[in-house]
Amino acid sequence: MSLVKQSQQDKKEILKGSLMYTAGIIVSFIVMASVVIFLKISGEMVGWGFQFQSPGFVMALLIMIFVFALSMFDVLIFSAPGMSKATQASQKQGHWGSFLSGIFAVLLATPCTAPMLGAALGFAFTQPPLMILAIFILIGLGLALPFLLIGFWPAAIKIIPRPGDWMNIFKEAMGFLLFATALFLLRTLYFLVGGDGTFNILWFLVILAFSTWMFGRWTRPHIPHKKQWIMA
């Protein structure tokens, strides 16, 4: 969606966006590499995607993805109130958004890449700290490569159709993809917390959906501020 919106911008803005996305990925992998190095020095046995063995981490990720999926259907519209300079704010938000997208991509990618990267990471965990860091950075560059190619070769954006009603259809279709991702995470939680715990999580998601709907419905700009605060 970000690339489609940037398709009418100049080449410098597209390059900045792709570089910020790459920066988000690289920073995330540096943090992950630092954690692995620390655990390795501490003598812990670790593996790729080990953070998905924590119910709290999986639950937090499930909540984020579930709310994002609801937002795709305009149940909740994310906005940044209080910004007077619209142009500057949108530019800052765009670059900051690209950086956060890179971080979020890493959070979602770790379990999906396990089959392909298992051997490389198995080798990395046996190496000195600097080698571990280098391998993680190279994996991050690989993940960001498509965005980097578009950043340095903006003509590739012409392949993407011009903005139009199809964007809303695409956004809603991506919402169903996010729901499927949430279901995958729920399956992971099932093995971590059992059947009763999963049933409680389903009830929680229903309450979360209702709360999100209330927030999205009654915190819009035309609603009195007092009522917005109460509903929030």
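Here, the structure is the one placed above.
To start, this report covers the structure provided alongside it. All of these numbers come straight from a predicted model, not from anything done at the bench. Each chain carries its own residue numbering, running from 1 in the direction its sequence is written. In keeping with the predicted nature of the model, local features appear solely for residues at pLDDT of at least 70, side-chain atom pairs appear and are counted solely at 80 or more, and the whole-chain, interface and lining totals rest on all residues. The side-chain values count all of the structure's non-hydrogen atoms but skip hydrogen atoms and water molecules.

1. A look at the overall build of the protein
Point 1. Numbered from the N terminus, helices here are DSSP runs of H or I no shorter than four residues, and strands are runs of E no shorter than two. Counting its secondary structure elements, the protein contains 8 helices and 0 strands.
Point 2. Order of helices (α) and strands (β) in the protein, N terminus to C terminus: α-α-α-α-α-α-α-α.
Point 3. Think of it in three bands: with a 1.4 Å probe and only protein chains considered, a residue is buried below 20% of the maximum accessible area for its type, exposed above 50%, and partly exposed in between. Out of the 232 residues belonging to the protein, those deemed buried represent 34%.
Point 4. In what follows, residue pairs with any heavy atoms lying within 4.5 Å of each other are defined as contacts. Pairs at least 24 residues apart make up 78% of the contacts formed inside the protein by residues separated by at least 6 positions.
Point 5. Reported accessibility uses the Shrake-Rupley method at a 1.4 Å probe radius. Residues are deemed covered only where the shown protein chains occlude them. Element-wise, carbon and sulfur atoms account for 72% of the exposed surface of the protein, whose accessible area totals about 14400 Å².

2. Considering the packing of aromatic side chains
Point 1. Two rings from Phe, Tyr or Trp (for Trp, the six-membered ring) form a pair when their centres sit within 6.5 Å of each other. Planes less than 30 degrees apart are called stacked, planes more than 60 degrees apart edge-to-face, and all others tilted. Scanning the entire structure with this criterion turns up 12 aromatic pairs.
Point 2. A centroid spacing of 3.9 Å and a plane angle of 25 degrees characterise the contact between tyrosine 21 and phenylalanine 147, whose relative ring orientation is stacked. Taken together, the positions of tyrosine 21 in helix 2 (residues 11–42) and phenylalanine 147 in helix 6 (residues 129–152) put the pair 126 residues apart, joining distant regions of the chain.
Point 3. Residue classification places tyrosine 21 among the buried positions, given a relative accessible area of 11%.
Point 4. For phenylalanine 147, a relative accessible area of 26% gives the class partly exposed.
Point 5. Taking 5.4 Å as the distance between ring centres and 75 degrees as the angle between the ring planes, the aromatic pair formed by phenylalanine 68 and phenylalanine 104 counts as edge-to-face. Pair noted here: phenylalanine 68 is in helix 3 (residues 55–72) and phenylalanine 104 is in helix 4 (residues 86–112), with a separation of 36 residues, a long-range link.

3. So, the nonpolar core
Point 1. Within this scheme, the nonpolar core is defined by two criteria: the residues are buried Ala, Val, Leu, Ile, Met, Phe, Trp, Tyr or Cys, and they are joined through side-chain atoms within 4.5 Å. Leu61, Leu62, Ile65, Leu185, Leu189, Ile201 and Leu205 are the most contacted members of the largest nonpolar core, which has 20 residues in total.
Point 2. Every element with two or more residues in this core is listed here: helix 3 and helix 7 (166–218).
Point 3. When residues of this core are assigned to their parent elements, the largest contribution, 9 residues, is made by helix 3.
Point 4. Ignoring sequence-local partners within four residues, the contact set of leucine 62 consists of Ala182, Leu185, Leu186, Leu189, Ile201 and Leu205.

4. What about the pattern of salt bridges?
Point 1. Criterion for a salt bridge: a side-chain nitrogen of Lys or Arg within 4 Å of a carboxyl oxygen of Asp or Glu. Throughout the structure, instances matching the rule amount to 1 salt bridge.
Point 2. Ionic pairing is found between aspartate 74 and lysine 171, a salt bridge with its closest N-O pair at 3.1 Å. Residue aspartate 74 is found in the loop between helix 3 and helix 4, and its partner lysine 171 is found in helix 7; the two are separated by 97 residues along the sequence.
Point 3. The buried category is assigned to lysine 171, whose relative accessible area is 19%.

5. Examining the environment of methionine 72
Point 1. In this structure, methionine 72 sits in helix 3.
Point 2. The exposure class assigned to methionine 72 is partly exposed, which follows from its relative accessible area of 21%.
Point 3. Spatially, the C-alpha atoms of methionine 72 and alanine 173 are 8.5 Å apart, while their sequence positions differ by 101 residues.
Point 4. Setting aside residues no more than four positions away along its own chain, methionine 72 makes contact with Lys171, Glu172, Met174, Gly175 and Leu178.

6. Remarks on helix 7
Point 1. Each helix should span, by expectation, one fewer than its residue count multiplied by 1.5 Å. Here helix 7 spans only 28 Å end to end across 53 residues, well under the 78 Å set by a 1.5 Å rise per residue.
Point 2. Its maximal kink placed at glycine 194, helix 7 deviates by approximately 125 degrees. The bend at a residue is defined as the angle formed between two axes, one fitted to the seven residues ending at that residue and one fitted to the seven starting there.

7. Quick notes on the packing of helix 3 against helix 7
If you want to describe how two helices pack, look at the angle between their axes and the distance between the axes.
Point 1. Here an angle of 0 to 180 degrees is reported between the N-to-C directions of two axes, which are lines fitted to C-alpha atoms, with helices fitted over the stretch in contact. Orientation of helix 3 relative to helix 7, taken along the N-to-C sense of each, is 150 degrees, at an axis distance of 5 Å. The angle between the axes of helix 3 and helix 7 places the two elements in the roughly antiparallel class. Helix 3 and helix 7 meet at a crossing whose hand is left-handed.
Point 2. In terms of residue class, the contact of helix 3 with helix 7 is made up of 27 nonpolar, 4 polar and 2 charged. To sort the angles, those under 35 degrees are grouped as roughly parallel, those over 145 as roughly antiparallel, those from 65 to 115 as roughly perpendicular, and the leftovers as oblique. With the far helix as reference, a near helix turned anticlockwise by less than a right angle produces a left-handed crossing, and one turned clockwise produces a right-handed crossing. Each residue is assigned to one of three groups, with Ala, Val, Leu, Ile, Met, Phe, Trp, Tyr, Cys and Pro labelled nonpolar, Asp, Glu, Lys and Arg labelled charged, and all others, Gly among them, labelled polar.

8. Observations concerning the environment of valine 27
Point 1. With respect to the helices and strands, valine 27 occurs in helix 2.
Point 2. Between the C-alpha atoms of valine 27 and valine 106, which are 79 residues apart in sequence, the distance is 9.9 Å.

9. Side note on unusual backbone geometry
Point 1. We note that aspartate 74 has phi near 60 degrees; this positive angle belongs to a residue other than glycine.
Point 2. Taking the relative accessible area as the measure of exposure, aspartate 74 reaches 40% and is therefore partly exposed.

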